Amino acid sequence: MILVCGGAGYIGSHAVKQLLDCNYKVLVIDNLSTGYKENIDSRALFYNVDIRDFKELDNIFKMHKIDAVLHFAANSIVSESVKDPYKYYENNVLGSLNLLKCMKNNNILKIVFSSTAAVYGNPKRVPIEETDETIPTNPYGETKLAIEKILKWFDNAYNIKYISLRYFNVAGADKSANIGEMHNPETHLIPLVIKTALGEREYMYIFGDDYNTFDGTCIRDYIHVTDLVDAHILALEKLLNNSESNIYNLGYGEGFSVKQIIERVSYVTNSNIKVKIEKRRDGDPDILIANPNKAINDLRFKPKYNDLDYIIKSAFNWHKKFI
Ligand code: UDP
């Protein structure tokens, strides 16, 4: 059985569905602080538990035969982390520490961990390789980097094997359009542009058009959530086959500017999107693009949806259905 922590969230719920489709038995733990119960596939077992609650967590570990853990449970809004670092250190670092203690006590020795490109901070070069310098520019990235370091020492001391996956910008929705990206409040670019296209907001605000890029707006590497989750299943299978611990970037190695995203959403949804230029958001680097070669070579990661229009279309189909 695979334990998915944070299985009611955007990425976690896609992982639950895809694991079940691959015939894994799935157990979900989520405190529903940012996730939604309706996101959890009905074929999975669900416990409404907070990973910081050792007793409850330990009970679950004792009740079920868990083979490995996929750990998505975290707060992940950069601006919020700057305003409330305590919340991020408590939920992300303490929560993960508690989960790892439980794993150690119950001899569960495999974990796939959700990390982020935010660990790199302002990269000195793009595309970014896993061995490049990690100097986060916000508490969110710091907490994820702290957990990666905890994982390294827990492997060294307790033999807990981990694969840490550093996500670039995740977007899109499952092809069923039954699950998708729902944050409250929404802060991410693609869902916000889609909401503007659907007339739920009047303007799309571009946070800065004076970055050092070809059109002045930030460039990011957008990866479809289904591809991202496929990479998690490959990582899980590698760990189940007794691999060593490792760290991988997950992106396509291709960047799009904020303006390009707005243009493509406008094209795909056939709508006119009104835009206003706002000041820069704190801590946004000019360009983040992954070098995904390590995942491609080691994990045999084969992206299927490396197509911006498809990413937008799949997100749009879900939004039209649910919002
Ligand atoms: N962005 C923007 N307007 C918005 C939301 C985001 O211009 O309303 C920009 C943001 O500054 C960044 C890019 O879009 O350069 C992607 O932001 P997002 O929050 O989606 O992901 P992040 O890169 O922070 O993980």
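Remember, predicted model here, so these are calculated numbers, not experimental data.

Draft legend 1. Region of the structure containing the packing of aromatic side chains. Per the counting criterion, the structure on display carries five aromatic pairs. Arranged with centres 6.5 Å apart and planes meeting at 85°, the rings of Tyr 88 and Tyr 140 form a pair that is edge-to-face. In this pair, Tyr 88 sits in helix 4 (residues 85–105) while Tyr 140 sits in helix 5 (residues 139–158), placing the two residues 52 residues apart along the sequence. Each of the two residues, Tyr 88 as well as Tyr 140, counts as buried. When the ring of Tyr 120 is compared with that of Phe 168, the centres are 6.4 Å apart and the planes differ by 35°; the resulting orientation is tilted. You can see Tyr 120 sitting in the loop between strand 5 (110–116) and helix 5 and its partner Phe 168 sitting in the loop between strand 6 (161–167) and strand 7 (169–171), a full 48 residues away along the chain. The class for Phe 168 is buried, based on a relative accessible area of 6%. Above the plane of the ring of Tyr 158 lies Lys 104, whose end atom (NZ or CZ) is 4.7 Å from the centre. Between the NZ or CZ atom of Lys 276 and the centre of the ring of Tyr 203, over which it lies, the distance is 4.0 Å.

Draft legend 2. Region of the structure containing the sheet that holds strand 14 (residues 287–288). As summarised here, the arrangement of the three strands in space is 12-9-14, forming an open sheet in which the pairing is mixed. What marks the edges here is a single partner per strand, and that holds for strand 12 (256–257) and strand 14. Where strand 9 (residues 219–220) and strand 12 come together, two bridges link them in antiparallel fashion. Within strand 12, the position partnered with Ile 219 by the bridge is Ser 257.

Draft legend 3. Geometry of the nonpolar core. Ile 11, Leu 19, Val 26, Leu 70, Leu 165 and Leu 250 are the most contacted members of the largest nonpolar core, which has 61 residues in total. Beyond its immediate chain neighbours, meaning those up to four positions away, Ile 11 contacts Phe 72, Tyr 167, Val 170, Val 225, Leu 228 and Val 229. In this structure, Cys 5, Phe 61, Cys 102 and Phe 154 belong to the second largest nonpolar core, which totals 27 residues.

Draft legend 4. Molecular detail of the side chain of Glu 181. In this fold, Glu 181 is placed in the loop between strand 7 and helix 6 (189–197). There is no salt bridge for the buried Glu 181, and the closest opposite charge comes from Lys 195, which lies 10 Å off by N-O distance. A polar contact of 3.4 Å, which involves the side chain of Glu 181, links it to the side chain of His 188. In contact with Glu 181, other than residues within four places in its own chain, are Tyr 10, Val 170, Ala 171, Glu 186, His 188, Pro 191, Trp 318 and His 319.

Each value, and the rule that gives it
- Residues numbered from 1 in each chain as written.
- Predicted model: local features only at pLDDT ≥ 70, side-chain atom pairs only at ≥ 80, totals over all residues.
- Heavy atoms only, no water.
- Phe/Tyr/Trp six-rings, centres within 6.5 Å; stacked < 30°, edge-to-face > 60°.
- Helix = DSSP H or I, 4+ residues; strand = E, 2+ residues; numbered from the N terminus.
- Buried < 20%, exposed > 50% of the residue type's maximum accessible area, 1.4 Å probe, protein only.
- Lys NZ or Arg CZ within 6 Å of the ring centre and 35° of its normal.
- Pairing = 2+ DSSP bridges.
- Core = buried A, V, L, I, M, F, W, Y, C linked by side-chain atoms within 4.5 Å.
- Contact = heavy atoms within 4.5 Å.
- Lys, Arg positive; Asp, Glu negative; His and termini not counted.
- Salt bridge = Lys/Arg side-chain N within 4 Å of Asp/Glu carboxyl O.
- Polar contact = N/O pair within 3.5 Å; in protein donor to acceptor, adjacent residues only side chain to side chain.

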